[in-house]
Protein chains: 2
Amino acid sequence: MEDAASTGPEPHEAMSTIYDADGRLRTDWYEALRAEIETGDAEALRARMEPLHESETGDVIEALPADDRVRLVMLLGDAFDYSALTEVDDSVRIDLMEELPNAEIARGVADLDSDDAVYILEDIDEEDRDEILAQMPAFDRISLKRSLDFPEDSAGRRMQTDFIAIPPFWTVGQTIDYLRTNDDLPDDFYQIYVVNPGFNLLGTIPLDRILRVQRATRIEDIMNTQVRQIDATLDQEEAARIFERYDQVEVAVVDESKRLVGVLTIDDIVDVINEEASEDIHRLGGVGDEDISRTVPGVVRSRATWLLVNLGTATLASLVIGLFDGTIEQMVALAVLMPIVASMGGVAGTQTMTVTVRAISQRELDKNNAWRLIRRELLVGLTNGVIFAVLLGLITGFRFANPALGLVIGMAMVVNMIVAGGCGILIPMLLNKLKVDPAVASSTFVMTFTDVIGFFAFLTLAGWWFGLF
Amino acid sequence: MEDAASTGPEPHEAMSTIYDADGRLRTDWYEALRAEIETGDAEALRARMEPLHESETGDVIEALPADDRVRLVMLLGDAFDYSALTEVDDSVRIDLMEELPNAEIARGVADLDSDDAVYILEDIDEEDRDEILAQMPAFDRISLKRSLDFPEDSAGRRMQTDFIAIPPFWTVGQTIDYLRTNDDLPDDFYQIYVVNPGFNLLGTIPLDRILRVQRATRIEDIMNTQVRQIDATLDQEEAARIFERYDQVEVAVVDESKRLVGVLTIDDIVDVINEEASEDIHRLGGVGDEDISRTVPGVVRSRATWLLVNLGTATLASLVIGLFDGTIEQMVALAVLMPIVASMGGVAGTQTMTVTVRAISQRELDKNNAWRLIRRELLVGLTNGVIFAVLLGLITGFRFANPALGLVIGMAMVVNMIVAGGCGILIPMLLNKLKVDPAVASSTFVMTFTDVIGFFAFLTLAGWWFGLF
């Protein structure tokens, strides 16, 4: 990391020294920190933590054991920047909030941008939250309450309520003078919003455009009138898609009467994109909304559901095998070989399903290309089916000195690979149509189909061929 | 989508009309487009495509069959904005580039920002690329060649080479005047770079800071001296991590002598984050760098590798079963039940592996929490092992009216679930240590271990218990 984000030539060499070359926390730094927490040396801790960026503070908090997290925050007092809590895992933040006194939280949250404050407050239970809000300045309280009234994971929850709005008849000069004399501007901003008296959005002006033109230029002559605005109730994932699609850095958020109520900025959206990717990956892997900080009971719960479902489907597959116990008894080689067919089908089905689920979540799969893709997956299944049928057929024929057995397993392989391709694309598409997240449920269904069909095709074909029924 | 990115109250209602409520291309719009391509109606096509954003044009190109893509670009001529090609799948772009005349590409690329031009040129084979570059203006050619000399997927490839650099002794007034009188500014910019005569970076100034202060203020007094800069050779994924970590919108890129050579902007980084997430998801699902536009032979190739590996590991598992053919012959119920143990282990292993791989790619797993997580996964394996051992043991005991068989399968389940938890975390960590991407290879190893141990544990325990050896 040091090389990665190297600093300017001269005085800033001290930056990023808390990470080692792999971008992980330096062990010596971390041990020194823990020693200072141990001895309760508040002054040393303030000096140590002061130069850190909020995300670095977040990394430090995550690395610490739960007790030390609370002690660190309490020892730092005023010097602790609560925005660091937006950078840690949900479970770490929630646990820490439970341990900290509400008055302490109210003080810390009052210093934050509205979007960060909401992010921290939304996971606190209602009773504590009301107590915290009651201890905050009235103006902050009202704006936070309004944001918290929007649905979870909506644009209204993620938006920053500080923004700069001006009327269209101002000149560039007036605008610059207003910015120069106003002390109460947002921390960072990238564009200015042009509104009518009802606070409906008329246009936007990126800052660079203000700097390019003469002072006498009227705002309405240079503003961007093709404005994109997001309803506050829109899901954050949909909002992220608008940022990606139109390469935006900041987008206006409006309420149900189309009044401008806030702005979404790209840094929040980057977090949303990462969260959604983690969610997709976890769901495909059969785990819920699980983060690395959870403790054993939480993890056991989050995984047991899927294991239970799998117990059901595996039992189903086992019942199918059970139908053929007579066949297997006469030819044990079938029991030895049958997992191969099922496992190849499982892999092929997972491949198709993975590509399909990702394409659906990226909105790349639509009516216009669905048929082409279904045809493609069936053809891929057939082709790989034939290739691996020949391979496995030859291996099996030689291994058991039984060419007919090779032929049978080859045929079963072709059948199962085509079924795998078909299920791999049709099941996620169907679930999506039924408004079920395909990332959650596709895997179970695809594996069940490929297992059952794999066992059934192989054992049936063998039974017929060798006259074992 | 219409509701999602709804437009201002008045004249812009025509926006985003090419999508239906689900965010997919409207069928009537698409059919009308295809008819115009069919009849070669260039004028109608220009009118139809003109209002679209580059990403919308990209969606349209992806939806069209390959032949129609080329015809559309040729019919649009000058009116086709090549930046749309940065928004389509790689395979679509590469195919299209092969069909288009080099002179046409040279003309289209010359209009683009340097980062977009490089993005399009980097996948074209060297001979064609040299021919295209030779037909471009000298200044563009030199800057593009320099970017193309940086390694693939590096910050140097993704950077924009247009930026604003000023000396530290300027005042804010001088800077604004410079921006007002200079016609050759980048399209969009969010900060200004302060450099010494050797073009080493001294500081940065976000545009909002320039607008907040008086004209007489000296630049060096308000610039940000804690600058973060990225080496041009740094991998784009590492660069993305710096943007995420420090909530940057634009970061300076420097060459090996620390000279400022370009800037990376957040819109490119958002694409990188999405690409990397897709790559992780695809790799975990056992498919290579595959996109939805690939044709059958490409897809067959991209998936065959992993299927071949699986054929090997499944054969290994089958050899393990083969060791017990005598045991199975005496008790066919074992063949009926054995896939359940292996499949439960497979799911548990995949769960742990998924969480671990994502944590590694998000840099959340380090030396400080590794041991805690390994202990956690083993404990989760033990707990879920016991829970499902009891369940499966009871089901099996009743199903075969054989309590001893239930006990044996239960014990095998506990063993396999602990092994699954251990492999699920240790294998990705080991691969990462060996500098192999854990997303690519973990799955094979984890599945092999859980299959082999699952079959082996169950059949061995059964053999001992029932004295079948």
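Residues numbered from 1 in each chain as written. Chains lettered and ligands numbered in written order. Predicted model: local features only at pLDDT ≥ 70, side-chain atom pairs only at ≥ 80, totals over all residues. Heavy atoms only, no water.

Enquirer: Describe in detail the packing of helix 16 (residues 296–322) of chain A against helix 18 (residues 333–361) of chain B, supporting the description with residues and values.
Expert: Contact pair helix 16 of chain A / helix 18 of chain B: the axes reach a minimum separation of 9 Å and the direction vectors enclose 155°. Overall, the two elements helix 16 of chain A and helix 18 of chain B adopt an arrangement that is roughly antiparallel. Here the hand of the crossing between helix 16 of chain A and helix 18 of chain B comes out right-handed. Note on element contacts: helix 18 of chain B touches helix 16 of chain A through B:Ala335, B:Val336, B:Leu337, B:Pro339, B:Ile340, B:Ser343, B:Met344, B:Val347, B:Ala348, B:Gln351, B:Thr352 and B:Val355, opposite A:Arg303, A:Trp306, A:Leu307, A:Asn310, A:Leu311, A:Ala314, A:Thr315, A:Ser318, A:Ile321 and A:Gly322. For the contact of helix 16 of chain A with helix 18 of chain B, the class distribution of residues is 14 nonpolar, 7 polar and 1 charged. (Axes fitted to C-alpha atoms, helices over the stretch in contact; angles between N-to-C directions. Helix = DSSP H or I, 4+ residues; strand = E, 2+ residues; numbered from the N terminus. Parallel < 35°, antiparallel > 145°, perpendicular 65-115°, else oblique. Left-handed = near helix turned anticlockwise from the far one by under 90°. Contact = heavy atoms within 4.5 Å. Nonpolar A, V, L, I, M, F, W, Y, C, P; charged D, E, K, R; others polar.)

Enquirer: How would you explain the pairing of strand 3 (residues 201–206) of chain A if you had to name every residue and give the values?
Expert: All names here are of chain A. The buried count for strand 3 comes to 6 of 6 residues, which makes it a mostly enclosed element. In this structure, strand 2 (residues 191–195) lies alongside strand 3, joined through 5 bridges in antiparallel fashion. Among the inter-strand pairings, glutamine 191 is bridged to a residue of strand 3, identified as proline 206. Linking strand 2 back to strand 3 in an antiparallel pair, the connection comprises 5 residues, with phenylalanine 199 at a positive phi of about 65°. (Buried < 20%, exposed > 50% of the residue type's maximum accessible area, 1.4 Å probe, protein only. Pairing = 2+ DSSP bridges.)

Enquirer: Requested: an account of empty space enclosed by the protein, with residues and values cited.
Expert: By the definition in use, this model includes 10 cavities of 30 Å³ or more. When contributions to the lining of the largest cavity are tallied by element, the ones reaching two or more residues are helix 15 (266–284), helix 16, helix 18 (333–361) and helix 21 (438–465) of chain A together with helix 15 (266–284), helix 16 (296–322), helix 18 and helix 21 (438–465) of chain B. Grouping the constituent residues of the lining of the largest cavity by class yields 24 nonpolar, 21 polar and 2 charged. (1 Å grid on protein atoms, 1.4 Å probe; cavity = no way out; pocket = protein on both sides within 12 Å on 5 of 7 lines; lining within 4 Å. Points joined across faces, edges and corners; volume = space filled by probe spheres on them.)

Enquirer: Go over helix 4 (residues 66–76) of chain B, please, and point to the residues and values.
Expert: Residue and element names in this part refer to chain B. Among the residues making up helix 4, those that are buried are Asp68, Arg69, Val70, Leu72, Val73 and Leu76. The inward-facing, buried residues of helix 4 abut helix 1 (27–39), helix 2 (42–49), helix 3 (54–63) and helix 5 (90–99). The first or second residue beyond helix 4 is glycine 77, which carries a positive phi of 55°.

Enquirer: Give a description of a negative patch on the surface that names residues and reports values.
Expert: Residue and element names in this part refer to chain A. A cluster of like negative charges, contributed by Asp67, Asp95, Glu98, Glu99, Asp125, Glu126, Glu127, Asp130 and Glu131, occupies part of the molecular surface. Counting residues per element, the ones that place at least two in the negative patch are helix 5 (90–99) and helix 8 (126–134). If you tally residues by element for the negative patch, the top one is helix 8, at 4 residues. Within the element layout of this structure, glutamate 131 appears in helix 8. (Patch = residues over 30% accessible without salt bridge, like charges linked within 9 Å, V, L, I, M, F, W, Y side chains within 5 Å. Areas by Shrake-Rupley, 256 points an atom, 1.4 Å probe, with all protein chains shown as cover. Salt bridge = Lys/Arg side-chain N within 4 Å of Asp/Glu carboxyl O. Lys, Arg positive; Asp, Glu negative; His and termini not counted. Charge placed at Lys NZ, Arg CZ, Asp CG, Glu CD.)

Enquirer: So what about the sheet that holds strand 5 (residues 250–254) of chain B? Which residues, and what values?
Expert: All names here are of chain B. Spatial strand order, 4-5-6: 3 strands in an open sheet with mixed pairing. The two strands at the open ends of the sheet, each matched to only one other strand, are strand 4 (229–231) and strand 6 (260–265). Within this sheet the neighbouring strands show an average axis-to-axis angle of 35°, counted without direction. Two elements, strand 5 and strand 6, share 5 bridges in a ladder whose sense is antiparallel. Bridge pairing in strand 6 places alanine 252 opposite valine 263.

Enquirer: Please give an account of the interface of chain B and chain A that cites residues and values.
Expert: On the side of chain A, 144 residues touch chain B, which itself brings 144 residues to the contact. Roughly 12,800 Å² is buried in total at the junction of chain B and chain A, and carbon and sulfur atoms are behind 59% of that figure. Our count for the chain B to chain A interface comes out at 4 salt bridges. In this structure, A:Arg303 engages B:Glu377 in a salt bridge whose closest nitrogen and oxygen atoms are separated by 2.7 Å. Our count for the contact surface shared by chain B and chain A stands at 36 residue pairs in polar contact (both at pLDDT 80 or more). In terms of residues, the side of chain B that touches chain A owes the most to one element, helix 18 of chain B, which gives 17 residues. Class assignment for the residues of the side of chain B that touches chain A results in 71 nonpolar, 34 polar and 39 charged. (Buried area = accessible area lost by both parts, 1.4 Å probe. Polar contact = N/O pair within 3.5 Å; in protein donor to acceptor, adjacent residues only side chain to side chain.)

Enquirer: Could you give an account of the relation of the copies chain B and chain A, naming the residues involved and the relevant values?
Expert: Laying chain B over chain A is done by rotating through 180° and shifting 0.0 Å along the axis; what remains is an RMSD of 0.1 Å. Here the symmetry operator amounts to a two-fold rotation axis. Most of the interface of chain B is mirrored in chain A, where 100% of its interface residues again form contacts. (Least-squares fit on C-alpha atoms with pLDDT ≥ 70 in both.)

Enquirer: An account of the UniProt feature "transmembrane region" (unreviewed entry) in chain A is requested, with residue identities and associated values reported.
Expert: Residues and elements named next belong to chain A. According to UniProt, the "transmembrane region" (unreviewed entry) feature falls on residues 304–324, 330–357, 378–398, 404–431 and 443–466. As annotated, residues 304–324 comprises 90% helix and 0% strand, and the C-alpha atoms at either end are separated by 30 Å. Between the end C-alpha atoms of residues 404–431 the distance is 40 Å, and the span holds 100% helix and 0% strand. (UniProt positions renumbered as here; feature names shortened; annotations may be inferred.)

Enquirer: Could you give an account of the sheet that holds strand 1 (residues 165–166) of chain B, with specific residues and numbers?
Expert: Residues and elements named next belong to chain B. The strand order 1-2-3 describes an open sheet built from 3 strands, whose pairing is mixed. Two strands bound the open sheet, and with one partner strand each, they are strand 1 and strand 3 (201–206). Where strand 1 meets strand 2 (residues 191–195), 2 bridges bridge the pair, whose relative direction is parallel. Bridge pairing links isoleucine 166 to valine 194 in strand 2.

Enquirer: Kindly report on the domain arrangement of chain A, identifying the contributing residues and their values.
Expert: Residues and elements named next belong to chain A. Domain parsing of chain A yields domain 1 (27–151), domain 2 (165–284) and domain 3 (296–465). A C-alpha centroid distance of 28 Å is found between domain 1 and domain 2. Listed as interface residues are 6 residues of domain 1 and, on the opposing side, 6 residues of domain 2. When domain 1 packs against domain 2, close to 510 Å² is buried across both sides, 45% of that on carbon and sulfur atoms. Across the domain 1-domain 2 interface, the total number found is 1 residue pair in polar contact (both at pLDDT 80 or more). Residue composition of the side of domain 1 that touches domain 2, grouped by class: 3 nonpolar, no polar and 3 charged. (Domains from an automatic or database assignment.)

Enquirer: Lay out the packing of helix 18 of chain A against helix 19 (residues 367–399) of chain A in plain terms, naming residues and giving numbers.
Expert: All names here are of chain A. Relative to each other, helix 18 and helix 19 sit at 160°, their axes nearing to 12 Å. On the basis of their axis angle, the class for helix 18 and helix 19 is roughly antiparallel. In terms of crossing hand, the pair formed by helix 18 and helix 19 is right-handed. Residues Val336, Leu337, Ile340, Met344, Thr352 and Val355 of helix 18 form the contact with helix 19, whose own contacting residues are Arg376, Glu377, Phe388, Leu392, Thr396 and Arg399.

Enquirer: Let's hear about the nonpolar core: which residues, and what values?
Expert: Counting residues in hydrophobic clusters, the biggest one holds 126 residues, and the most contacted among them are A:Tyr82 and B:Tyr82. Setting aside its immediate chain neighbours within four residues, B:Tyr82 contacts B:Val73, B:Met97, B:Leu100, B:Glu104, B:Ile105, B:Arg107, B:Gly108, B:Val109, B:Leu112 and B:Ile120. Judged by nonpolar contacts, the second largest core, of 83 residues, contains A:Ala333, B:Ile340, B:Ala412 and B:Phe455. (Core = buried A, V, L, I, M, F, W, Y, C linked by side-chain atoms within 4.5 Å.)

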